[in-house]
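Structure at a glance
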Amino acid sequence: MTDPNTRISSLNIAHGSVVYLAYEGERTVAGPAVHPAGSFGKKMTMDDLIAKQMRVTRQENPHCELVSFDRDAANAFQHYVNESLAFAVKRGGLMYGTVSEEGKVEVDFIYEPPQQGTEENLILLRDPDEEKMVEAIALGLGMRRVGYIFTQTISQDKKDYTMSNAEILQAVELHAEGDLKEWVTAVVKLEVNEDRGADVHFEAFQMSDMCVRLFKEGWFERDVQEEIDPKLSRMKKDVVVGGKDTRDVDNDFFLVVVKIFDHQGPLSSTFPIENRKSPVTMKALKNHLDRAKNLPFVKRISDFHLLLLLARFLDVNADVPALAGCVHTQASVPEGYQLLIESLASAS
């Protein structure tokens, strides 16, 4: 074979034969760079060790089996955003309802706190006194806070993210505060359909356990100086994503999809809703009671938003849960409460 003119066929070499090359000298083969670590190489700090443990992976299963929305409550929320705000500015609400032992979340009313929405941001101007009333009503109704709902604007529809980093941060903050493993975050948006029209679309997620842990332990960078892609959340230190160290995590890693259903809950949602453009007046109370004259009194007041208006005139620790308790059991309303409510309505 040392003679370059020799024909291969004369050497008994056929298809599949292995030919070895002998050569003198040394050669270097390109390969992965080796970085020694541990006691024989580079020293690792505690921060390095913690970062190695912070592996961000997708969480397959939510703790919440499914979320079911009361049709009237969900409709009252989306209708205002669609008809009055035209999905041009963001809107948010805190969801209340029940959680079953199997992890099924039912949302029966949505409280809309004072807020300021723009095209890109939503600032919740939370009112502790009003939230105290909301909690007292929920207590009487046998319900609790179960999640957070917000809308995305039309301009966000052109972006390639499920949730922006600002939305992730707000959602995980409320999730951590909610202290409920089944806590649900719902997103409402407009989606263009096949006929070039627009449909209102609900999606539900849970923030992953790792997302909540990173938030509680202060890993999220809140004040990002330079412009970063809104589909990425920046950490204060490196975490491990897909085997690589990085500070920027794709938001989708933090989201766990939850199935959505709907139901008809125990409350109506026809009374004007708090903290919207027009303040709720006593005239609204009178109109609401007059419209439902033929129903039992307890049925006429079986609306969270109406109970919230009444709560301003009642003792938050005793009367509010007691009145909400009547609604919960559909028991007859004590005469004293009925007289007070009717006098408030007639004062308009």
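Residues numbered from 1 in each chain as written. Predicted model: local features only at pLDDT ≥ 70, side-chain atom pairs only at ≥ 80, totals over all residues. Heavy atoms only, no water.

1. Description of the overall build of the protein
So the rule is basically this: By the criteria applied, helices consist of DSSP H or I runs no shorter than four residues and strands consist of E runs no shorter than two, each listed in order from the N terminus. Radius of gyration: C-alpha atoms only; globule rule: 2.2 Å multiplied by the number of residues to the exponent 0.38. Per-residue accessibility, obtained with a 1.4 Å probe over protein chains only, is compared with the maximum for each type, and a residue is labelled buried under 20%, exposed over 50%, and partly exposed between these values. In what follows, a contact means two residues having at least one pair of non-hydrogen atoms within 4.5 Å. Here, Shrake-Rupley sampling with a 1.4 Å probe gives the accessible areas, and only protein chains in the shown set may cover a residue.
Counting its secondary structure elements, the protein contains ten helices and twelve strands. The C-alpha radius of gyration of the protein comes to 30 Å, more than 25% above the 20 Å expected for a compact globule of 348 residues. Dimensions of the protein, computed from C-alpha atoms along their principal axes, come out at roughly 115 × 55 × 40 Å. In the protein, which comprises 348 residues, the proportion classed as buried is 44%. Summarising the internal contacts of the protein: among those between residues at least 6 apart in sequence, 69% fall at separations of at least 24. Only carbon and sulfur atoms are counted for the fraction: they give 51% of the accessible area of the protein, which is about 19,700 Å².

2. Some words on the packing of helix 4 (residues 165–178) against helix 5 (residues 209–216)
The condition that has to hold: Axis lines are fitted to C-alpha atoms, over the contacting stretch for helices. Their N-to-C directions set the angle, which ranges from 0 to 180 degrees. Angular relationships are summarised with four words: roughly parallel below 35 degrees, roughly antiparallel beyond 145, roughly perpendicular across 65 to 115, and oblique for the angles in between.
For the pair helix 4 and helix 5, the least separation of the axes is 10 Å and the interaxial angle reads 85 degrees. It follows that helix 4 is roughly perpendicular to helix 5 by the angle criterion. Counted together, I168, L169, V172, E173, H175 and A176 of helix 4 and C211, V212, F215 and K216 of helix 5 form the full contact between these two elements.

3. Focus on unusual backbone geometry
Not every positive phi belongs to a glycine, and D179 is a case in point at roughly 50 degrees. Assessed through its relative accessible area of 62%, D179 is described here as exposed. Phi angles above zero are rare outside glycine, and N275 is one such case at about 60 degrees. In this fold, N275 is placed in the loop between strand 12 (260–263) and helix 6 (282–291).

4. Some words on the state of the cysteines
Under the convention used in this document: Any two cysteine sulfur atoms within 2.5 Å of one another count as a disulfide.
If you walk through the whole model with that rule in mind, you get zero disulfides. Free cysteine C64: the closest other cysteine sulfur is in C211, separated by 16 Å.

5. Comments concerning the packing of helix 3 (residues 128–140) against helix 9 (residues 319–329)
Counted only if it meets this: Handedness of a crossing is defined here by the sense of rotation of the near helix relative to the far one, left-handed for an anticlockwise turn of less than a right angle and right-handed for a clockwise turn.
Here helix 3 crosses helix 9 at 40 degrees, and the two axes come no closer than 7 Å. Taken as axis vectors, helix 3 and helix 9 run oblique relative to one another. When you trace helix 3 past helix 9, the crossing you get is right-handed. On helix 9, the residues touching M133, A136, I137, L139 and G140 of helix 3 are V320, P321, A324, G325 and H328.

6. Some thoughts on the packing of aromatic side chains
Applicable threshold: Only Phe, Tyr and Trp rings are paired, with Trp represented by its six-membered ring, and only when their centres lie within 6.5 Å; those with planes under 30 degrees apart are stacked, over 60 edge-to-face, the remainder tilted. Over a ring means this: the NZ of a Lys or the CZ of an Arg is within 6 Å of the ring centre and within 35 degrees of the ring normal.
The tally for this structure, following the rule as stated, stands at seven aromatic pairs. Taken together, a centroid distance of 3.9 Å and an interplanar angle of 10 degrees make the contact between F109 and F304 stacked. Of the two residues, F109 sits in strand 3 (residues 104–111) while F304 sits in helix 8 (residues 304–311), which places them 195 residues apart along the sequence. Centroid distance Y111 to F304: 6.5 Å. Interplanar angle 80 degrees. Geometry classified as edge-to-face. Of this pair, Y111 sits in strand 3 while F304 sits in helix 8, placing them 193 residues apart in sequence. The same class applies to Y111 and to F304, which are both buried. One aromatic cluster is present, built from ring pairs that chain together Y96, F109, Y111 and F304. Lying across the ring of F253, R58 places its NZ or CZ 4.5 Å from the centre.

7. A closer look at the UniProt feature "domain: MPN" (unreviewed entry) in the protein
Quick note on the threshold: UniProt positions are given in the numbering used here, feature names are shortened, and annotations may be inferred rather than shown by experiment.
In the UniProt entry, the feature "domain: MPN" (unreviewed entry) is given for residues 66–207. Secondary structure content for residues 66–207 is 28% helix and 38% strand, and the end C-alpha separation is 14 Å.

8. Quick look at the sheet that holds strand 11 (residues 255–258)
Whenever strands of a sheet pair, they do so through backbone hydrogen bonds, lying parallel or antiparallel. Our working rule: Two strands qualify as a pair provided that DSSP identifies no fewer than 2 bridges between them.
Strand order across the open sheet formed by eight strands is 11-8-7-6-2-3-1-12, with mixed pairing between neighbours. In this open sheet, the two edge strands, each paired with only one partner strand, are strand 11 and strand 12. Across this sheet, the average inter-strand angle for adjacent strands is 35 degrees, counted without regard to direction. Two elements, strand 6 (residues 144–151) and strand 7 (residues 184–192), share five bridges in a ladder whose sense is parallel. What sits directly across from I149, in strand 7, is A186.

9. Remarks on the nonpolar core
Put simply, the rule reads: By nonpolar core we mean a set of buried residues, namely Ala, Val, Leu, Ile, Met, Phe, Trp, Tyr and Cys, connected to one another through side-chain atoms within 4.5 Å.
In terms of nonpolar packing, the biggest core is built from 91 residues, with L214 and L285 touching the most fellow members. Of all the elements, helix 8 adds the most residues to this core, at seven residues. Non-local contacts of L285, meaning those with residues more than four positions away in its chain, are made with F271, L306, L309, L310, I341, L344 and A345.

10. Section: the environment of I149
Take I149: it is sitting in strand 6. Classification of I149 as buried rests on a relative accessible area of 0%. Spatially, the C-alpha atoms of I149 and P272 are 19 Å apart, while their sequence positions differ by 123 residues. With residues near it in sequence (within four places) discarded, I149 still touches F69, F77, R91, G92, G93, M95, I110, A186, V188 and F202.

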